[in-house]
Amino acid sequence: MSVISLNSYSLGRWMPPSGERQGLKSAVSGQVVAEIGSAALDFAGMADYARRVGGPALRKMTFHDRAFALKALAQYLNERREALYELSYETGATKPDSMIDIDGGIGTLFVYSSKARRELPDDRILTDGALEQLSRSGQFVGQHVATPLQGVAVHINAFNFPVWGMLEKLAPTLIAGVPAIVKPASATAWVAEACFRMIVESGLLPEGAVQFIAGSTGDLLDRLSGQDVVSFTGSAATAAMLKGKSAVIEKSVRFIAEQDSLNASILGPDAAPGTPEFEAFIKEVHREMTAKAGQKCTAIRRVIVPQESRAAVIDALVARLERTVIGNPRDETVRMGALASLAQRSDVLEKASILGTEAKRIYGDPENFRVEGADAGEGAFVPPMLFSCEDPDAAQAVHAVEAFGPVSTVMAYRDLPHALALANRGEGSLVASVFTHDPAVARQAVLDAGAFHGRLYFANRDTGKDATGHGSPLPHMVHGGPGRAGGGEEMGGMRGVMHYMQRTAIQGSPDIIAGITQRYVAGASTFEAEPHPFRLAFGELAPGRTLWTAERTVTLEDIEHFATFTGDTFYAHMDEEAAAANPFFPGRVAHGYLILSFAAGLFVEPAPGPVLANYGLDNLRFMKPVSPGDSLKVRLTVKQKSRRNDEYGEVRWDVGVYNGEGEQVAAYELLTMNAM
Ligand code: NDP
């Protein structure tokens, strides 16, 4: 492989390496594969370009526009994965390792696109939570909304996932409508650069939406302000240094950190040898030690097992580790490749020797192990190393020192509270897993250990093959943890988008709130017009448009007919005396479902037209009983619209059912699909 010059992408142009260039070495052969350097970049200019060009272009788009762009981008990258796998071998990654990184990253874009289209409005303002009534009259109300920050997101990524690390941060940032400057870790930057090049070549993102620094960030962090966000993944030391920068502190720059983590996996007290949970646990610990050669921020570092199962766990793990072939990741028999760099190898060996002061190494000798298809002296190879700690209560390092490689320590517990206390000794982790079939054990784990872990993963015979794995952060779920893990949170579906938006409390009259949010709210003005709203296509329906129906009277015959027809002969509808004895009813009353059916009968316009389907009701409340002789009348108001695709969209209708005295007897939101 010839030496690749890694370019930066700044102010809409590719910039070759500049200043003092650093040679980046293959993790497998030790040969230089790429060179990197960013001294000539205008960092202040890049931040300014993002704010001036990228931000406004993204903010013109709706959440759905941005989500469709992400989907197209995911498809574009998906078709070009092979080139990335090829480059990835030189980082020491096997093909399955690269799939975690590359396919995992592309999958994250797909999930964010789909969730954003389902959960966010086709709008540029996001409403957050329900309308708050702030006065008795209903004419002063409150609503939380969120809008994109008008700055730039600086993404500083770790070496272990050059593609996933970039895409999992870009997805929520771009959905929010914020431009990003990506700074990959140097050690594996040639893979990140190739993927970034595809993003630019796709032409799917607006100008200025993304820029790329191949090399150091220069004075970029000194140029940030309160509309900017730093999202960092890497070591605690670098995080602390960057968080402590005066611009970051003085300008309240948002800082999301994901750093070291001494993740634990607990074998439940119920999961004795021979149970499916025991088998699953052994497989998972082995997988977490060897996938990506243990270079996962979520990898299991501490293996916490019942005292009585300790010997069985060690035997089973050692048997699996003995069968693990280490070597050149291009070799298909190889199960574990190399660490990302020689620097990482030195670091892992140093950390392993610190662990060795408190725990005995029971498997894996870095001085003596077999490497297939590569030179152990040139590449960044280490064997998996399993330690056993006799006294985990007295030990310090096993709970505090992260050897970022295939290194784990087994420790025994007396009872469940002891196991959970040991897990919490990591002082904050990204994930802890518990292998148990007992829901009481799981509940105790959440109560005792939830506060110390960003994610708790429960696996057993029921989750089986469906379980995604201790070590897999999912775009739907939060990734991050307290304390040592950095105190940050990424992803978690739309929660991750909020890190790049400002939440603002807005207060005013219902009409003002409805105008801002483009959705009808209680108390806002409505208007009636011909024709019937069911005759109008999606685009012709405006929030506030209302239909008041004619009235109909509910008779005792209606109630009896409905009861016999449906079989719902509940006493409140059929037995005058029993109904009257009930504190909620004056006597026999109409069925709630009869009221809904009559409401539909009153508002429906029956001829074929743009309403394609009624697909649900939300927030249904029956507010007052309806007695025989009462009349009913319905108000149908367009509340909110949400485009689904080019053919149809969802219309949410605010429905009120009223009696002859004008009192509301039922309220709900009706959902229809309407043709464009
Ligand atoms: P670093 O903290 O050194 O690097 C992380 C990122 O920060 C890289 O992109 C790096 O760029 C960048 N960086 C470093 N210094 C600066 C700076 N002064 N200004 C701006 N950016 C900077 O961590 P490493 O990648 O070297 O990994 C070291 C250890 O961190 C690992 O051994 C492991 O313990 C932990 N780690 C934890 C991870 C997690 O997710 N929990 C993931 C990866 C690592 P560059 O590469 O160019 O120096």
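Anything mentioned here points back to the structure above.
So, how was this worked out
Residue indices begin from 1 for each chain and proceed along its sequence in written order. Only residues with pLDDT of at least 70 get local features here, since the model is predicted, and only at 80 or more are side-chain atom pairs given and counted; chain-wide, interface and lining totals rely on the full set of residues. For side-chain calculations, the full set of non-hydrogen atoms in the structure is used, while hydrogens and water are omitted. Residues are said to line a cavity or pocket when one of their atoms sits within 4 Å of a point; the points come from a 1 Å grid over protein atoms alone, cavities being sets where a 1.4 Å probe fits but cannot get out and pockets being open sets with protein on both sides within 12 Å along at least five of seven lines. Grid points are joined across faces, edges and corners, and a volume is the space filled by probe spheres set on the points. The helix and strand labels rest on DSSP assignments: H or I over at least four residues marks a helix, E over at least two residues marks a strand, and numbering proceeds from the N terminus. Here the term charged refers only to Asp, Glu, Lys and Arg, the term nonpolar to Ala, Val, Leu, Ile, Met, Phe, Trp, Tyr, Cys and Pro, and the term polar to all other amino acids, Gly among them. Two strands are said to pair when DSSP picks up at least two bridges between them. Among the buried residues, those of types Ala, Val, Leu, Ile, Met, Phe, Trp, Tyr and Cys that are joined through side-chain atoms within 4.5 Å form a nonpolar core. Exposure categories follow from relative accessible area, calculated using a 1.4 Å probe and restricted to protein chains: below 20% of the type maximum is buried, above 50% is exposed, and the middle band is partly exposed. Any two residues whose heavy atoms approach within 4.5 Å at even a single point are treated as in contact.

Q: I'm lost on the layout of surface pockets in this one. Help?
A: Put simply, the largest pocket is a space of about 1,000 Å³. Every residue lining the largest pocket is counted, 40 residues in all, and those nearest its centre are Arg519, Lys639, Gln640, Arg652 and Glu669. Residue assignment for the lining of the largest pocket shows that the elements contributing at least two residues are α4 (95-119), β6 (126-133), α15 (494-498), β26 (611-622), β27 (631-643), β28 (648-659) and β29 (664-675). At seven residues, β6 tops the list of elements feeding residues into the lining of the largest pocket. Residues belonging to the lining of the largest pocket are distributed by class as follows: 15 nonpolar, 10 polar and 15 charged.

Q: Just to check I follow, could you spell out the sheet that holds strand β1 (residues 4-5) for this structure?
A: Across a sheet, strands are paired by hydrogen bonds formed along the backbone, either parallel or antiparallel in direction. Strand order in the open sheet made by the three strands is β1-β5-β4, with mixed pairing throughout. Looking along the sheet, the strands with just one partner apiece sit at the ends: β1 and β4 (22-25). Pairing between β4 and strand β5 (residues 32-36): four bridges, direction antiparallel. Its bridge partner lying in β5, lysine 25 is registered against valine 32.

Q: What's the story with the nonpolar core in this structure? I'm lost.
A: One broad trend across soluble globular proteins is that nonpolar side chains are buried collectively. Counting 64 residues, the largest nonpolar core has Leu77, Leu170, Ile175 and Ile199 as its most contacted members. Per-element tally for this core: the top contributor is helix α6 (residues 189-202), with nine residues. Contact partners of leucine 170, with chain neighbours within four places excluded, come to His155, Ala180, Val182, Ile199 and Val210. Counting residues in each nonpolar core, the second largest holds 38 residues, with Ala27, Ala264, Ala338 and Met411 among its members.

Q: Help me understand the environment of tyrosine 9, please; the structure alone is not making it clear to me.
A: Considering the arrangement of structural elements, one finds tyrosine 9 in strand β2 (residues 8-10). For the pair tyrosine 9 and leucine 41, spaced 32 residues apart in the sequence, the C-alpha separation amounts to 9.4 Å. Apart from residues lying up to four places away in sequence, tyrosine 9 is in contact with Trp14, Met46, Phe196, Val200, Glu207, Val210, Gln211 and Phe212.

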